[in-house]
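Working through the structure, step by step
Next come the chains, spelled out residue by residue.
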Amino acid sequence: MSNLISKTLPDYAIEIKGLNKIYAGNSLQPSKEALTNIDLEIPRGSFFGLLGPNGAGKSTIINIMAGLVIKSSGEVKVWDYEIEKEMRQARSSIGVVPQELNIDPFFTPREVLETQAGLYGVPKSERRTDEILSAVRLSDKADSYARSLSGGMRRRLLIAKAMVHSPPVLVLDEPTAGVDVELRQQLWSYIRELRDHGTTILLTTHYLEEAEELCDQIAIINHGRLVTSQKTEDLLRTLDSKELIVSVDTPLTKVPEKLAEFNVKLGKSGKLIFRVAPTKVPVESVMDAVRAAGYKIIDLTTKESDLEDIFLLMTGGDNKGEKIRGER
Ligand code: ADP
């Protein structure tokens, strides 16, 4: 850590400029342009979400940052270290928690962490094995074979493994895929703690509610190109679209003609569902129109646009077939 502390803290934990990646082809498959001209800045201390459908290029970006895939061109800095020219420092500034639960079954959690610390050259006196095991609530399993750990415990052990060299940037690749609700909550509270102590978190996820809830900034990539990178609240505002669900005193079987000027449809159980742009059509004017059409409003609920609407819009709706919400 000493080499990291002595340096002025960078504004951006990750800085990517004009990044391209073409995977070379072979006799069986053609070459593949996986990333095209990606510019991305991840502020230090942020909880940053990288979203995109399968095959968008998320893992390629992460693997380039971690030094596992060689970029074709462009500039990538981790903690202000250029990943190829200052490879050693760049690598020691980042910890990656992979998707796969790949752990040697005959290693104990303590051995996994000690071996990893050795790989990163962390001197014995500076190792934090017990502290990290306790943080991921694995102290009581410290000396059990990994094969006896549950899926959730293995996931936590992988997070612990990525933390042994105290990297200021932690990357989590789909960390809660297939993880049950309780464990997910535990994982998030631990990752939030890390963030509160200054670690920059980069997360890829399929679960949009997760990104919406946790990330303060979100980048969306599609077909290897950056579609947007914004503060989550700004992104959620971009759609300017809201749903108003109105129940009236008379059971409806079709949308009343007097309301046809609105973007409105009849929902199940005879409710009217309006989709309006709040900056152009105030809720009040919808209510006035319903009353003017001769109905009494007995209930009104609203639903803001969410990340799923934005994601579908920004990725051109070509991911509709994919389950991006509510799989669990
Ligand atoms: P994501 O993580 O968003 O699902 P990836 O980065 O894995 O996307 O993949 C981006 C594109 O690059 C995909 O079309 C994928 O098939 C291709 N790709 C990924 N890895 C390789 C590789 N080693 N060789 C060839 N093509 C690859």
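Quick note: structure is the one above.
Quick caveat, the model's predicted, so the values are computed rather than measured. (Residues numbered from 1 in each chain as written. Predicted model: local features only at pLDDT ≥ 70, side-chain atom pairs only at ≥ 80, totals over all residues. Heavy atoms only, no water.)

1. A few points about the side chain of Glu-174
For Glu-174, the location among the structural elements is in the loop between strand E7 (169-173) and helix H7 (181-196). Buried and unpaired, Glu-174 has Lys-58 as its nearest opposite-charge partner, separated by 5.2 Å. Each residue touching Glu-174, except ones within four places of it in the same chain, is listed here: Gln-99, Arg-155, Thr-204, Thr-205 and His-206. (Helix = DSSP H or I, 4+ residues; strand = E, 2+ residues; numbered from the N terminus. Buried < 20%, exposed > 50% of the residue type's maximum accessible area, 1.4 Å probe, protein only. Lys, Arg positive; Asp, Glu negative; His and termini not counted. Salt bridge = Lys/Arg side-chain N within 4 Å of Asp/Glu carboxyl O. Contact = heavy atoms within 4.5 Å.)

2. Side note on the site of the ligand
Around the ligand, the surrounding shell consists of Tyr-23, Gln-29, Lys-32, Ala-34, Pro-53, Asn-54, Gly-55, Ala-56, Gly-57, Lys-58, Ser-59 and Thr-60. A distance of 2.7 Å is found between an oxygen atom of the ligand and a backbone nitrogen or oxygen belonging to Gly-55. For the ligand, an oxygen atom lies 2.9 Å from a polar atom in the backbone of Gly-57. Against a free-state accessible area of 560 Å², the protein chains account for coverage of 64% of the ligand. Those elements that provide at least two residues to the shell around the ligand are strand E2 (32-43) and helix H2 (58-65). Sorting elements by how many residues they give to the shell around the ligand places H2 first, with 3 residues. In terms of residue class, the shell around the ligand is made up of 4 nonpolar, 6 polar and 2 charged. (Near = heavy atom within 4 Å. Polar contact = N/O pair within 3.5 Å; in protein donor to acceptor, adjacent residues only side chain to side chain. Areas by Shrake-Rupley, 256 points an atom, 1.4 Å probe, with all protein chains shown as cover. Nonpolar A, V, L, I, M, F, W, Y, C, P; charged D, E, K, R; others polar.)

3. Some remarks on the pattern of salt bridges
On inspection of all chains with the given rule, the structure shows 13 salt bridges. Its salt-bridge partner being Arg-110, residue Asp-143 comes within 3.0 Å of it at the nearest N-O pair. A residue pair is termed long-range when its members are at least 10 positions apart, and Asp-143 in the loop between helix H5 (129-135) and helix H6 (151-163) and Arg-110 in helix H4 (residues 109-119) qualify at 33 residues. For Asp-143, a relative accessible area of 55% gives the class exposed. Arg-110 gets classed as partly exposed once you look at its relative accessible area, which sits at 26%. The partner of Arg-291 in a salt bridge is Asp-288, with the nearest N and O atoms 3.3 Å apart. With Arg-291 and Asp-288 both in helix H10 (residues 283-292) and 3 residues apart, the pair spans about one turn of that helix. Residue Arg-291 is classed as partly exposed on the basis of its relative accessible area, which comes to 41%. For Asp-288, a relative accessible area of 40% translates into the label partly exposed.

Read these as geometric descriptors, not functional statements.
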